[in-house]
Amino acid sequence: MIVGVDFDNTIVCYDAIFHRVAVERGLIPAGVPATKTAVRDHLRRVGQEPAWTELQGYVYGPRLVDADMYPGVKDFFLACRQLCVTVKIISHKTRHPYSGEAHDLHAFARGWLAHHGFLAQDGIALPATEVFLEVTKEAKLARIKAEKCTVFIDDLPEILGDREFPDETRRVLFDALGIHPDDPALVRVRSWAEINRLLLGSIRLPAGEAEVAASAGALLAGMGMRLAAPPVRVPGGGNNRVFEARSDQGDRYLLKHYFSQPGDLRNRFEAERLFYRHTARAAPGMTPRAIGWDEGAQLALLEFVVGQKLAPGEVGSVEMKAALGFFSALNFDRDSAEAGVLPMAAEACFSLVEHCQTVDQRVSRLRNITLVSPIDRDASTFVTQALAPTWDRILAVVRARGPEEPVARNERCISPSDFGFHNCLRRPDGSFVFLDFEYSGWDDPAKTMCDFFCQPAVPAPEDAFDSFVRAAGEALKLADVEAFLARTRLLLPIYRLKWCAIMLNEFVRADHGRRAFALGRDVAEERKVTQLAAARRVLATLAHPPYGTTA
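Residues numbered from 1 in each chain as written. Predicted model: local features only at pLDDT ≥ 70, side-chain atom pairs only at ≥ 80, totals over all residues. Heavy atoms only, no water.

Draft legend 1. Here's a closer look at the overall build of the protein. Counting its regular elements, the protein contains 19 helices and 18 strands. Overall, the protein is about 95 × 55 × 45 Å in size when its C-alpha atoms are taken along their principal axes. Sorting the 551 residues of the protein into buried and exposed places 50% on the buried side. Sequence-distant contacts in the protein: of pairs separated by 6 or more residues, those separated by 24 or more amount to 68%. Put simply, the protein shows about 24900 Å² of open surface, and 53% of that area lies on carbon and sulfur atoms. In the protein, the 66 positive side-chain charges and the 71 negative ones have mean positions that sit 2 Å from each other. (Helix = DSSP H or I, 4+ residues; strand = E, 2+ residues; numbered from the N terminus. Buried < 20%, exposed > 50% of the residue type's maximum accessible area, 1.4 Å probe, protein only. Contact = heavy atoms within 4.5 Å. Areas by Shrake-Rupley, 256 points an atom, 1.4 Å probe, with all protein chains shown as cover. Lys, Arg positive; Asp, Glu negative; His and termini not counted. Charge placed at Lys NZ, Arg CZ, Asp CG, Glu CD.)

Below, the structure written as structure tokens:
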């Protein structure tokens, strides 16, 4: 569901501020009812229409900061955030007032949103890109349609009833004062509490979130603190639920609720718990600090890291040095007894045959995509006509090399597994923190290198491949670093194709459970188009192998 919301007189209540400023300026007697409409009507009755026009510019500009929010607005936006319901603010207002000083009304509106915590990550966390202030009514209506709003909430019947209003969008009239007549084409509401019940009442929190709050409270109680409020879901986490929790002492924590289901062979909770225990000793400060663990609830309480995500194109020598430093620190003392208790990484492989078998299994299950919609048929065609034939050609090249000895135990590495700059934050001081280790453990270092360079979200620079792999081999003290580089080059096209298959997980029904658990709803259908396009782009790179590969 995508909910569009008007700004003026829907989110912002102007009744008190218009009355206050009009009294301050001597425009109305104090006895005029404290509503915007009453102030307007009084000024018009006494022939002060110009004063009303100028008053609007002043209130919507410098005095907007003093305007109130309608009761229940914040609760609704926070509930939408927790339930993963998309909300967009779409309003129309001129850039400058019609008379009086030329205030930038758009800037004051955005300032009001910031002042009231709409844009703050520790508040409502509404992305600034989801706030649209259009200059005309026509542009507003076009925006509602372009953003594909499922529902739109407005205080003006003429907007909701306009012939350009999209037919597929549900119309909700916010009528706080009850001044508009009933209209069968509209749903009329008097309060935000009513909107909350109308739009969100049928949406239920995923099972277990009450237990998350109880577990978080118990973990904090063990440190002499209490939860200040129920934990709030935060964006991110394609496999798990992630929350922010605050203690009664004002400290912020991250809660991670791990996905598990009957028959799941991977204990993500235990793998990450053991990995964090290792990093606390081997790489302090390079990962979030683990505060506490609740095995029964499958919940981790972690340090809340304040940092900036990296964007594609931002990875340079400094970032690559940090990643290499993290990998090196993890493996500096990998012969220790503490490191020995770490599990095998997810899909760990130690021979060429195992690498090929793992990818072949992924390709095989994609050959049987259930054809429900046109995008399913497009994906199936892509698999049978492009991805599978490319995989067959790669296999032929690899098999022509003959058998290979498995990686010796002393040449294996401790791998973060889902290792890359998509799981990294840059702290304000410039240092880096690496995240998400539920698939971590012992693995073939060549596989770790390939995954690092294949992950598509925030890619590592291609021209750093040879130098990075050599440096990793030296950090592992491998006997033949050049042989390690050659073997990693051989595996690279195998893993690039594997990442194509990973991108198509949305088409494999068995993977839907993790998405529904992590996001509170099944978003796989929404992701299919983008994921198929991404897989096409990655597969195209195999026509011209990078990094000097010849497969």
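After presenting the structure, the write-up continues.
Draft legend 2. Representation of the packing of helix H13 (residues 352-366) against helix H17 (residues 481-503). Following both chains from N to C, one finds H13 and H17 inclined at 20°, their axes separated by 9 Å at the closest point. Here H17 runs roughly parallel to H13, going by the angle between their axes. Considering how the two elements wind past one another, H13 and H17 form a crossing that is left-handed. For the pair H13 and H17, contact is made by Leu352, His355, Cys356, Thr358, Val359, Arg362, Val363 and Leu366 and by Arg487, Leu490, Leu491, Ile494, Tyr495, Leu497, Lys498, Ala501 and Ile502, respectively. Among the residues making up the contact of H13 with H17, the classes are represented as twelve nonpolar, two polar and three charged. (Axes fitted to C-alpha atoms, helices over the stretch in contact; angles between N-to-C directions. Parallel < 35°, antiparallel > 145°, perpendicular 65-115°, else oblique. Left-handed = near helix turned anticlockwise from the far one by under 90°. Nonpolar A, V, L, I, M, F, W, Y, C, P; charged D, E, K, R; others polar.)

Draft legend 3. Geometry of the sheet that holds strand S16 (residues 424-426). Spatially, three strands are ordered S14-S16-S17 in an open sheet, and the strand pairing comes out antiparallel. What marks the edges here is a single partner per strand, and that holds for strand S14 (308-309) and strand S17 (432-434). Lying over the sheet, helix H11 (residues 317-331) contacts S16 and S17, oriented at roughly 50° with respect to S17. (Pairing = 2+ DSSP bridges.)

Draft legend 4. Quick look at the packing of aromatic side chains. Overall, the coordinates contain 27 aromatic pairs when judged by the stated rule. Each ring, one from Tyr14 and one from Phe18, has its centre 5.9 Å from the other, and the planes form 70°; the classification is edge-to-face. Here the two residues Tyr14 and Phe18 agree in accessibility, since each one is buried. On the basis of an interplanar angle of 35° and a centroid distance of 5.8 Å, the ring pair of Trp112 and Phe118 is categorised as tilted. For the pair Trp112 and Phe118, a shared accessibility class is recorded, and that class is buried. Seen from the ring of Tyr60, Lys93 lies directly overhead, with NZ or CZ sitting 5.1 Å from the centre. Taking the ring centre of Phe350 as reference, the NZ or CZ of Arg412 above it sits at 3.8 Å. (Phe/Tyr/Trp six-rings, centres within 6.5 Å; stacked < 30°, edge-to-face > 60°. Lys NZ or Arg CZ within 6 Å of the ring centre and 35° of its normal.)

Draft legend 5. Layout of the pattern of salt bridges. Counted under the stated rule, the structure contains 33 salt bridges. Between Asp175 and Arg188 there is a salt bridge whose closest N-O contact spans 2.8 Å. Taken together, the residues span a long stretch of sequence, with Asp175 in the loop between strand S7 (170-174) and strand S8 (187-189) and Arg188 in strand S8 at a distance of 13 residues. On the accessibility criterion, Arg188 (30% relative accessible area) is partly exposed. (Salt bridge = Lys/Arg side-chain N within 4 Å of Asp/Glu carboxyl O.)

Draft legend 6. Just the layout of surface pockets, in detail. Taken as a whole, the second largest pocket encloses approximately 970 Å³ of empty space. Contributing to the lining of the second largest pocket are 36 residues, with Asn9, Lys36, Tyr60, Asp155 and Leu156 lying nearest its centre. Listed by contribution, the elements that provide at least two residues to the lining of the second largest pocket are helix H2 (36-45), helix H3 (49-60), strand S4 (86-92) and helix H7 (157-160). Residue composition of the lining of the second largest pocket, grouped by class: 15 nonpolar, ten polar and eleven charged. (1 Å grid on protein atoms, 1.4 Å probe; cavity = no way out; pocket = protein on both sides within 12 Å on 5 of 7 lines; lining within 4 Å. Points joined across faces, edges and corners; volume = space filled by probe spheres on them.)

Draft legend 7. Inspection of the side chain of Lys140 at higher detail. Tracing the backbone through its elements, the reader meets Lys140 in helix H6 (residues 137-146). Classification of Lys140 by relative accessible area gives buried; the value is 1%. Lys140 has contacts with Asp6, Ile90, Ser91, His92, Glu134, Phe152, Asp154 and Ile159, leaving out every residue within four places of it along the chain.

Draft legend 8. Here's a closer look at the pairing of S4. Along S4, five of the seven residues are buried, which leaves the element largely enclosed by surrounding structure. Bridge analysis of strand S1 (residues 2-5) against S4 gives four bridges, and the strand direction is parallel. Residue Val5 lies in a different strand from S4, and its bridge partner there is Ile89. The pairing of S4 with strand S5 (residues 131-134) spans four bridges and is classified as parallel. The residue of S5 that forms the bridge with Ile90 is Phe132.

Draft legend 9. Region of the structure containing the nonpolar core. Residues Met320, Trp391, Phe421, Phe452, Ile494, Leu497 and Leu504 are the most contacted members of the largest nonpolar core, which totals 81 residues. Tallying contributions element by element places H17 first for this core, with twelve residues. Beyond its immediate stretch of four places on either side in the chain, Met320 contacts Val315, Phe421, Phe452, Phe453, Ala460, Pro461, Ala464 and Phe468. Counting residues in each nonpolar core, the second largest holds 49 residues, with Val12, Cys80, Leu105 and Trp192 among its members. (Core = buried A, V, L, I, M, F, W, Y, C linked by side-chain atoms within 4.5 Å.)

Draft legend 10. Quick look at the sheet that holds S8. What the six strands build is an open sheet, ordered S5-S4-S1-S6-S7-S8; its pairing is parallel. Both edges of this open sheet fall to S5 and S8, since each of them pairs with a single strand only. Strand after strand, the sheet turns through a mean of 20° between neighbouring axes, direction not considered. Direction of pairing for strand S6 (residues 151-154) relative to S7: parallel, over a ladder of four bridges. Among the inter-strand pairings, Phe152 is bridged to a residue of S7, identified as Arg171. Each of S4, S5 and S6 is contacted by H6, which is oriented at about 165° to S4, the strand it contacts most.

Draft legend 11. Structural context of the state of the cysteines. Enumeration according to the criterion identifies zero disulfides in this entry. The thiol sulfur of Cys149 is not disulfide-bonded, and the nearest other cysteine sulfur, from Cys80, lies at 12 Å. Note on Cys149: relative accessible area 2%, which makes it buried. (Disulfide = S-S within 2.5 Å.)

Draft legend 12. Local environment of the pairing of strand S12 (residues 290-294). With four bridges joining them, S12 and strand S13 (residues 299-303) adopt antiparallel strand pairing. Across the sheet, Gly292 pairs through a bridge with Leu301, a residue of S13. Between the end of S12 and the start of S13, which pair antiparallel, lie four residues, with Gln298 showing a positive phi angle near 55°.

Draft legend 13. Spotlight on helix H1 (residues 15-24). Asp15, Ile17, Phe18, His19, Val21 and Ala22 are the residues of H1 that are buried. Lining the buried residues of H1 we find strand S2 (12-13), H2 and H3. Looking one or two residues past H1, Gly26 carries a phi angle of roughly 70°, positive in sign.

Any functional reading would require information that these geometric values do not contain.
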